[in-house]
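Chains, contacts and geometry: an overview
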Amino acid sequence: MGSPPRHEEEEEANSQFVNGPVIVGAGPSGLAVAACLLEHGVSSLILERSDCIASLWQEKTYDRLKLHLPKHFCQLPLLSFPQNFPKYPTKYQFISYMESYAKHFSIGPKFKQSVSRAEYDFVTGLWRVQTQDSVYYSRWLVVATGENAEPVIPEIPGMESFPGPVIHTSVYKSGSEFRNQRVLVVGCGNSGMEVSLDLCRYNASPHMVVRNSVHVLPREVFGLSTFAIAIELLKWLPIKVVDKLLLLVANFTLGSTERLGLRRPKTGPIELKNATGKTPVLDVGALSQIKSGRIEVMEGVREITRRGSAKFMDGQEKEFDSIILATGYKSNVPTWLKGTDFFTEVGMPKAPFPNGWKGENGLYAVGFTRRGILGTSSDAVNIARDIVDQWRTTTNGWKSS
Ligand SMILES: Cc1cc2nc3c(=O)[nH]c(=O)nc-3n(C[C@H](O)[C@H](O)[C@H](O)COP(=O)(O)OP(=O)(O)OC[C@H]3O[C@@H](n4cnc5c(N)ncnc54)[C@H](O)[C@@H]3O)c2cc1C
Ligand SMILES: NC(=O)C1=CN([C@@H]2O[C@H](COP(=O)(O)OP(=O)(O)OC[C@H]3O[C@@H](n4cnc5c(N)ncnc54)[C@H](OP(=O)(O)O)[C@@H]3O)[C@@H](O)[C@H]2O)C=CC1
Ligand SMILES: O=C(O)C(=O)Cc1c[nH]c2ccccc12
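Now for a description of the structure that goes with this document. The shown structure was predicted, so the numbers you read here are calculated from the model rather than taken from an experiment.

Right, let's get into the state of the cysteines. Within the structure shown, the criterion is met by zero disulfides. In this structure C36 is a free cysteine whose sulfur lies 16 Å from that of C74, the closest cysteine sulfur available. We classify C36 as buried; its relative accessible area is 6%. Of the cysteine sulfurs around C188, a residue in no disulfide, the closest is that of C200, at 15 Å. According to the relative accessible area criterion, C188 is buried, its value standing at 13%.

Given below as structure tokens:
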């Protein structure tokens, strides 16, 4: 029996130099960067932990999800949505667009490659990117793992002893699994609102926890997208004024949300989005279910009991069959990217938009703008231009010196 290979020999056998950037993540952001690079003749290697592109959309979203911004805000650079898509495409249409996008540019990511560590080697001037089976070396590392890489699971006392199912919205598919159930929905962002609405359609009884304040805006006003109106107004007016107008319109069309238990933050919706990343809820029907009492708004949860009830901050106690955590997502960058202070401890670029796309030594970040696909597109164009400029001053990606 031969002795087992030494660590360095093993690494040697499974390592490869990538003549172009390594992109981590085959979501919209990774694909957009790859496409913009190919447009200028630069190829790249995408490493993706799951076995498909756009895995967030394919595997972690509910059946009834539609884009809630009009389609022209959600398309990637260089290829538009098909003409026949509705104003608010379904998730299936969005996925089919992403599939055609990858096919159009012949982008073939390496699947089932979870990046566990990446760091810059100052000696060789290369990024060393480690997955479970290989090590890749490249001059450029593009982080495209997204703001929604991992679910946020809150620590609620007693939750582990709840007798029924406790799931995060990333595994919720449809209310059909919760028919006639009393369901505690923790969180009131877009996911909490839309899951609660979906549950109503299956005759479940959702109780939605609102521990704080929330801005709810109509998705449309007089047939025009509220988001599009805001973008237009921002070209002429300061944020504070646009926020005032949005709130006027929201109060006019939706009525006061405060009396429904949905207190508004003191800061306006766009100012808050810019400062904290907190996305306002764009209402697609949940509010009318709250008004009719079919969705009950509850205060923060104090404790979950092993008997299957939840105790709330206001002293109420209610029994539930299931719990759905609509508590949002987080970046996973700090778990695998080492030796750089470009990202904060929660895995977001330190530099504010629009400057968070470029780090040092060939490091880039795409899709961390808290501006959805719109932000992704802006980052992808900037990153590709920057890398292509370097590529052109080198031979085959190597410095010609
Ligand atoms: C329910 C929901 C609805 C949304 N709706 C909209 C909308 O209507 N409009 C809009 O503009 N935005 C929307 N968003 C925001 C969403 O983040 C973007 O649409 C988009 O998916 C971001 O793309 P991304 O490529 O940056 O991230 P992701 O789509 O999350 O892709 C990141 C990829 O990286 C992979 N990955 C992560 N870690 C690793 C690792 N260590 N190694 C290898 N691969 C890794 C993941 O598997 C994933 O495939 C929505 C988000 C959610 C959760
Ligand atoms: N149709 C669409 O286009 C949709 C888009 N999205 C997008 O996906 C992204 C993620 O949205 P979402 O999943 O809603 O996540 P968000 O981060 O937007 O919302 C999380 C919610 O959970 C609450 N929360 C977190 N922890 C606790 C806790 N311990 N107890 C009680 N409440 C808690 C938060 O409250 P607090 O504010 O107090 O922290 C907040 O209300 C957003 O950008 C959203 O716009 C989502 C669904 C549909
Ligand atoms: O739905 C989302 O999560 C998005 O990221 C889309 C989006 C980008 N910028 C916004 C501002 C207000 C509401 C939604 C978005």
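Before going further, it helps to spend a moment on the sheet that holds strand β20 (residues 322–325). Across the sheet, which stays open at both edges, the five strands sit in the order β9-β20-β10-β11-β16 with parallel pairing between neighbours. The sheet terminates laterally at β9 (166–168) and β16 (296–298), the two strands that pair on one side only. Across the sheet, the mean angle separating the axes of adjacent strands is 25° when strand polarity is ignored. Of the strand pairs in this sheet, β9 and β20 are connected by three bridges, and their pairing is parallel. Bridge assignment links V166 to a residue of β20, and that residue is I323. Packing of helix α5 (residues 190–200) onto the sheet brings it into contact with β10 (182–186), β11 (205–209) and β20, and relative to β11 it is tilted by some 165°.

So, on to unusual backbone geometry. Residue F353 is joined to P354 through a cis peptide bond whose omega torsion reads 5°. Residue placement: P354 occurs in the loop between α10 (333–336) and β22 (363–365). With phi around 45°, A54 is a residue other than glycine that occupies positive phi space. Positioned with a positive phi, N180 is a non-glycine residue whose angle comes to about 60°. Looking at where N180 falls in the secondary structure, it is placed in the loop between β9 and β10.

Attention now moves to the site of ligand 1. Among the 27 residues in the neighbourhood of ligand 1, the closest are listed as S29, E48, S55, N148 and I373. A distance of 2.9 Å separates an oxygen atom of ligand 1 from a polar atom in the side chain of W57. A distance of 2.9 Å is found between a nitrogen atom of ligand 1 and a backbone nitrogen or oxygen belonging to V115. Taken by itself ligand 1 offers 980 Å² of open surface, and the protein chains cover 91% of this.

Close to ligand 3 lie H68, L69, F227, K273, T279, P280, R371 and G372. Within the side chain of H68, a nitrogen or oxygen atom sits 3.0 Å from an oxygen atom of ligand 3. One nitrogen or oxygen atom from the main chain of G372 is found 3.4 Å from an oxygen atom belonging to ligand 3. Class assignment for the residues of the shell around ligand 3 results in three nonpolar, three polar and two charged.

What follows is about the packing of helix α2 (residues 28–38) against helix α11 (residues 372–392). The geometry of α2 relative to α11 is characterised by a closest axis approach of 8 Å and an angle of 35° between their N-to-C directions. Regarding α2 and α11, the two cross each other, and that crossing is right-handed. Contact residues: P28, S29, A32, V33, C36 and L37 in α2; I373, T376, A380, V381, I383, A384, I387 and V388 in α11. Residue composition of the contact of α2 with α11, by class: 12 nonpolar, two polar and no charged.

Thresholds, definitions, all that
Residues numbered from 1 in each chain as written. Chains lettered and ligands numbered in written order. Predicted model: local features only at pLDDT ≥ 70, side-chain atom pairs only at ≥ 80, totals over all residues. Heavy atoms only, no water. Disulfide = S-S within 2.5 Å. Buried < 20%, exposed > 50% of the residue type's maximum accessible area, 1.4 Å probe, protein only. Pairing = 2+ DSSP bridges. Helix = DSSP H or I, 4+ residues; strand = E, 2+ residues; numbered from the N terminus. Axes fitted to C-alpha atoms, helices over the stretch in contact; angles between N-to-C directions. Contact = heavy atoms within 4.5 Å. Near = heavy atom within 4 Å. Polar contact = N/O pair within 3.5 Å; in protein donor to acceptor, adjacent residues only side chain to side chain. Areas by Shrake-Rupley, 256 points an atom, 1.4 Å probe, with all protein chains shown as cover. Nonpolar A, V, L, I, M, F, W, Y, C, P; charged D, E, K, R; others polar. Left-handed = near helix turned anticlockwise from the far one by under 90°.

It is worth stressing that arrangement in space is one thing and function is another; only the former is reported here.
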